[in-house]
Amino acid sequence: MKKKRIINDSQTDPNKILPMTYLWAREHYKNGIANNWVPEEISMQQDVEQWRSPDFLTERERRLIIWNLGFFSTAESLTANNLVLAVYRHVTNPECRQYLLRQAYEEAVHTDTFIYCCDSLGLDPDEIFNMYNTIPSIAQKDAFVINLTKSIFDPNFSTQGKENIRRFVHDLIGYYVIMEGIFFYAGFAMMLALKRQNKMVGIGEQFEYIMRDESIHLAFGCDLINTIVKENPEVWTEDFQNEIVELIKKAVILEKKYAYDACPEGLLGINAQQFSDYVEYIADRRLERIDLPKVYYKENPFPWMSQSTDLNKEKNFFETRVTEYQSAGSLEWE
Ligand code: FE
Ligand code: MN
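Every chain is numbered on its own, with residues counted from 1 as its sequence reads. The naming scheme follows written order: chains are lettered A onward, ligands numbered 1 onward. Whole-chain, interface and lining totals are the exception, using all residues; otherwise, since this is a predicted model, local features are given only for residues with pLDDT of at least 70 and side-chain atom pairs are given and counted only at 80 or more. Values shown for side chains rest on all heavy atoms present in the structure; no hydrogens or waters enter the calculation.

Draft legend 1. Focus on the overall build of the protein chain. Helix and strand definitions here come from DSSP, where helices need a minimum of 4 consecutive H or I residues and strands a minimum of 2 consecutive E residues; each element is numbered from the N-terminal end. Within the protein chain one finds 15 helices and zero strands. In this treatment the radius of gyration is a C-alpha quantity, and the globule benchmark scales as 2.2 Å times the residue count to the 0.38 power. For the protein chain, whose C-alpha radius of gyration is 20 Å, the value lies close to the compact-globule estimate of 20 Å for 334 residues. Considered along the principal axes of its C-alpha atoms, the protein chain spans approximately 70 × 50 × 35 Å. The cut-offs for exposure are 20% and 50% of the maximum accessible area for each residue type, with area from a 1.4 Å probe on protein chains only; residues under the lower value are buried, those over the upper are exposed, and the others partly exposed. Scored against the burial criterion, the 334 residues of the protein chain give a buried share of 55%. For the protein chain, the proportion of contacts with a sequence separation of at least 24, taken over those separated by at least 6, is 80%. Distance between charge centroids for the protein chain: 6 Å, based on 36 positive and 50 negative side chains. In what follows, residue pairs with any heavy atoms lying within 4.5 Å of each other are defined as contacts. All tallies of charge rest on Lys and Arg as positive and Asp and Glu as negative; His and the ends of each chain are not included. By convention, the charge on Lys lies at NZ, on Arg at CZ, on Asp at CG and on Glu at CD.

Written out as structure tokens, the structure reads:
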């Protein structure tokens, strides 16, 4: 029998998940379940008080919060649409699709989080959900990703043939590595830095949950990309590798610009340069994850960020969640 392939496998029945070939897809699915959460579980009471208080937050802290809510609110639906309308169609392997369904649900939870934040803080939803049109450095990031993932949105696109497989890998990198793996991270760092100063801890905790979800999305995306490349090594030419490195460098410039615009003077104890160093550090890790050489060689200026994403270090955290979910099962439904 011919070996199974992750794309373009005519023998794969999308409805027959067992036995599995790509066990990492299963693993990511399980990790997603272990980080189950919904925004309403997190109290916004203290955030509401801090937000309403006339002088608890500085003007630039308020601006930074609004900017990040603005960026993420549309980025989440953008990624959800990409996933459901494009990626799912081309990835027919059943264990990968099982993960994609989980990821799609998580993106819905993330969008819901920004609805919840707007509601509880009394923000103007038109302002927040329209910032991808009105704020240039947000608009540029979104436009960059939309442009990068154009091929797979074409209704006539198929993954047959070397050139198309390469385009597919290109778009997956745009979507998973650049959007979810780079463009989310300056925002994560800013919101978690605020949380560490006990400012807007409710939103901070929600960003922490989102970041854990996103780190799994990214891991799945990289495994998917690496597997396609391994099974189709002819697409991974030196020219193509260089093209990807150049794309990532462009993305880093945009993300650093966003970081400076959202937070020009840094935050208490953190200067704006450190946010930009963090973006470069993150970009190197993404490059390595898809077997490309590092570009920036920066030290991680925020070691506390990896503690927030490292799922293994969060054992107790997860045990608490599991208990809460079990008790939720005894709720009475009317
Ligand atoms: Fe998300
Ligand atoms: Mn995601």
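Draft legend 2. Geometry of the coordination of the iron ion (ligand 1). Donor atoms from the polypeptide that coordinate the iron ion (ligand 1) comprise E76 (OE), E107 (OE), H110 (ND1) and E214 (OE), at 1.8 to 2.2 Å from the metal. Between the four donor atoms coordinating the iron ion (ligand 1), the angles at the centre fall across 87 to 133°, so the site counts as tetrahedral. Keep in mind that water is not among the atoms, so a site may look incomplete; donors are the N, O and S atoms within 2.8 Å of the metal, or 3.2 Å for Na, K and Ca. Each donor residue of the iron ion (ligand 1) lies on one chain, and together they are spaced E-x30-E-x2-H-x103-E. Separation of the iron ion (ligand 1) from the manganese ion (ligand 2) amounts to 3.2 Å, with E107 serving as a shared donor to the pair. Of the two residues, E107 and H110 are both situated in helix α4 (residues 94-121); the distance of three residues between them amounts to about one turn of the helix. As far as the burial class goes, E107 and H110 line up, both buried. Key to geometry: four donors with every angle between 85 and 135 degrees are tetrahedral; four donors are square planar and six octahedral where opposite donors lie over 155 degrees apart and all remaining angles lie between 65 and 115; all other sites are irregular.

Draft legend 3. Highlighting the coordination of the manganese ion (ligand 2). Protein ligation of the manganese ion (ligand 2) involves E107 (OE), E180 (OE), E214 (OE) and H217 (ND1), the donor distances falling in the range 1.8 to 2.1 Å. Look at where the donors of the manganese ion (ligand 2) fall in the sequence and you get E-x72-E-x33-E-x2-H. Judged by relative accessible area, which is 0%, E180 ranks as buried.

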